[in-house]
Amino acid sequence: MINPFLPSKMKILDIIPETEIDQTFVLAGRKPVKPGQFFQLSVPGAGEAPVSVSDFEDDKLFVTIRKVGRLTNALFALAPGDYIFARGPYGNGFDYRDYVDSDLKVIAGGTGLAPVKKVIKHFIANKSIASLEVLLGFKTPQDILYRREVRAWVDAGLATLTVDKAGPDWSGNTGLITGYLKNLDLSNLENCKFIVVGPPIMIKFITIELLLLQVPEENIWVSLERKMSCGLGKCGHCKIGETYVCLEGPAFRFARARRLLD
Ligand SMILES: Cc1cc2nc3c(=O)[nH]c(=O)nc-3n(C[C@H](O)[C@H](O)[C@H](O)COP(=O)(O)OP(=O)(O)OC[C@H]3O[C@@H](n4cnc5c(N)ncnc54)[C@H](O)[C@@H]3O)c2cc1C
Ligand code: FES
């Protein structure tokens, strides 16, 4: 029997710099995975942490990592040709079938874009929804992830991009992401579904606005970040009440997430 706690080695094929503190690692050896699921990544001696899958194609898996501490420092010291250890994927992820025929709005702040990037790419390529609109917010222009793709989405009229604080070379939108909800086409509100990912404070204020607009809680999905350890429903680190976020989440309909956060 395969030990589910045993990580496997994944070779780093490429490292794509995104910002000063974010890098996308391209790993060889794709495992069956859904957007919104996560892997427990580790480097011997430096620990282990959950990281969302940001993309996958053929036999490649992409993870975008922010350098914040012990493990991520160790990951940033690696180079193409080195190996990362990975367990997973874990969690439920986003289910494409939940959004079929809807007017889907994806609202992402900062690194929250990573777990939904593949959802956006999927629905651009696959016309199974009625429409797609994306609203993206970053702290500054330097913090924008996936610049080439984000630029293409904006140029195609698919995405609105804003930064909290502009720099001298920035001529785009500025201000908090909540201020740009008005840019979304909500004329057919009963057919709209929303995925909201980002820092907890952003999720809080976006969902308040959506509920004021009378969006049903069932039509809003959020992703909850909790401290994880096993990822397998065994250790209880991620538990809120009776809910194991690592198993039943991290993606939840807001109707459920709200009860977990209350
Ligand atoms: C489901 C899920 C998905 C995730 N997906 C991603 C992802 O796609 N990409 C990503 O980058 N992260 C992701 N994370 C977050 C990631 O797991 C954490 O950032 C993780 O803690 C990093 O591990 P670390 O050992 O590098 O940091 P740690 O050393 O554990 O540090 C974690 C936090 O502590 C702070 N800290 C560290 N050292 C100090 C210090 N000396 N003094 C004060 N504060 C300190 C850091 O600023 C950081 O905020 C995800 C988390 C979850 C739960
Ligand atoms: S992380 Fe161990 S039970 Fe969820």
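Definitions and cut-offs
Residues numbered from 1 in each chain as written. Chains lettered and ligands numbered in written order. Predicted model: local features only at pLDDT ≥ 70, side-chain atom pairs only at ≥ 80, totals over all residues. Near = placed C-beta within 6 Å. Helix = DSSP H or I, 4+ residues; strand = E, 2+ residues; numbered from the N terminus. Domains from an automatic or database assignment. Contact = placed C-beta atoms within 7 Å. Nonpolar A, V, L, I, M, F, W, Y, C, P; charged D, E, K, R; others polar. Pairing = 2+ DSSP bridges. Axes fitted to C-alpha atoms, helices over the stretch in contact; angles between N-to-C directions. Expected span 1.5 Å × (residues − 1). Buried ≥ 20, exposed ≤ 12 C-beta atoms within 10 Å, placed from the backbone. Arc of directions from axis to C-beta.

A look at the site of ligand 1
Alright, step 1. Around ligand 1 lies a shell of 20 residues, among which A49, S52, G69, L71 and T72 are the nearest.
Alright, step 2. Mapped onto the shell around ligand 1, the elements with two or more residues apiece are strand 4 (47-57), strand 5 (60-66) and helix 1 (70-76).
Alright, step 3. The element that contributes the greatest number of residues to the shell around ligand 1 is strand 4, accounting for 5 residues.
Alright, step 4. Of the residues that make up the shell around ligand 1, three or more belong to each of domain 1 (8-90) and domain 2 (96-261).

Re the domain arrangement of the protein
Alright, step 1. Examined at the domain level, the protein breaks down into domain 1 (8-90) and domain 2 (96-261).
Alright, step 2. The C-alpha centroid of domain 2 is placed 22 Å from the C-alpha centroid of domain 1.
Alright, step 3. At the junction of the two partners, domain 1 supplies 17 residues and domain 2 supplies 18 residues.
Alright, step 4. Element by element, the count of residues in the side of domain 1 that touches domain 2 is highest for strand 4, at 5 residues.
Alright, step 5. Grouping the amino acids of the side of domain 1 that touches domain 2 by side-chain chemistry returns 4 nonpolar, 7 polar and 6 charged.

Re the sheet that holds strand 11 (residues 192-197)
Alright, step 1. With mixed pairing, 7 strands are arranged side by side in an open sheet as 10-9-8-7-11-12-15. Edge positions in the sheet fall to strand 10 (173-174) and strand 15 (251-253), since each has one partner strand and no second.
Alright, step 2. The pairing of strand 8 (residues 131-138) with strand 9 (residues 159-163) spans 5 bridges and is parallel. Opposite V134, over in strand 9, you have A159 as the bridge partner.
Alright, step 3. Set on the sheet, helix 3 (residues 147-155) makes contact with strand 8 and strand 9; between it and strand 9 the angle comes to about 120 degrees.

Digging into the environment of S229
Alright, step 1. The residue S229 is located in the loop between strand 12 (220-223) and strand 13 (239-240) in this model.
Alright, step 2. When the C-alpha atoms of S229 and E48 are compared, they prove to be 8.1 Å apart, with 181 residues separating the residues in sequence.
Alright, step 3. Ignoring any residue separated from it by four or fewer positions in sequence, one finds S229 in contact with C235 and H237.

A few points about helix 4 (residues 200-212)
Alright, step 1. Counted at 1.5 Å a residue, the expected span for helix 4 with its 13 residues is 18 Å, and the 18 Å between its end C-alpha atoms agrees.
Alright, step 2. For helix 4, every residue scored as buried is listed here: M202, I203, I206, T207 and L210. Take helix 4 and look down its axis: the buried residues cluster within an arc of 120 degrees, on one side only. Those residues of helix 4 that are exposed and angled more than 90 degrees off the buried face are P200, I201, I208 and L212.
Alright, step 3. For helix 4, the elements touching its buried residues are strand 7 (103-109), strand 11, strand 12 and helix 6 (254-261).
Alright, step 4. Positive backbone phi, approximately 75 degrees, marks Q214, located one or two places after helix 4.

Quick notes on the environment of L186
Alright, step 1. Following the sequence through the fold, L186 ends up in the loop between strand 10 and strand 11.
Alright, step 2. You can call L186 partly exposed: it has 18 C-beta atoms within 10 Å.
Alright, step 3. Along the backbone, L186 and D103 are 83 residues apart, and their C-alpha atoms lie at a distance of 8.8 Å.
Alright, step 4. Ignoring sequence-local partners within four residues, the contact set of L186 consists of C192 and L213.

Here's the deal with helix 2 (residues 113-125)
Alright, step 1. Counted at 1.5 Å a residue, the expected span for helix 2 with its 13 residues is 18 Å, and the 18 Å between its end C-alpha atoms agrees.
Alright, step 2. Buried within helix 2 are the following residues: L113, A114, P115, V116, K117, K118, V119, I120 and F123.
Alright, step 3. Buried-residue contacts for helix 2 involve strand 4, strand 5, strand 7, strand 8, strand 11 and strand 12.

Observations regarding the sheet that holds strand 5
Alright, step 1. Pairing is antiparallel in the closed barrel, where 6 strands are placed in the order 1-2-5-4-3-6. Taking the axes of each pair of neighbouring strands and ignoring which way they run, one obtains an average angle of 45 degrees across the sheet.
Alright, step 2. Direction of pairing for strand 3 (residues 38-43) relative to strand 6 (residues 83-90): antiparallel, over a ladder of 4 bridges. The residue of strand 6 that forms the bridge with S42 is F85.
Alright, step 3. Those strands touched by helix 2 are strand 4 and strand 5, and its axis lies near 20 degrees from that of strand 4.

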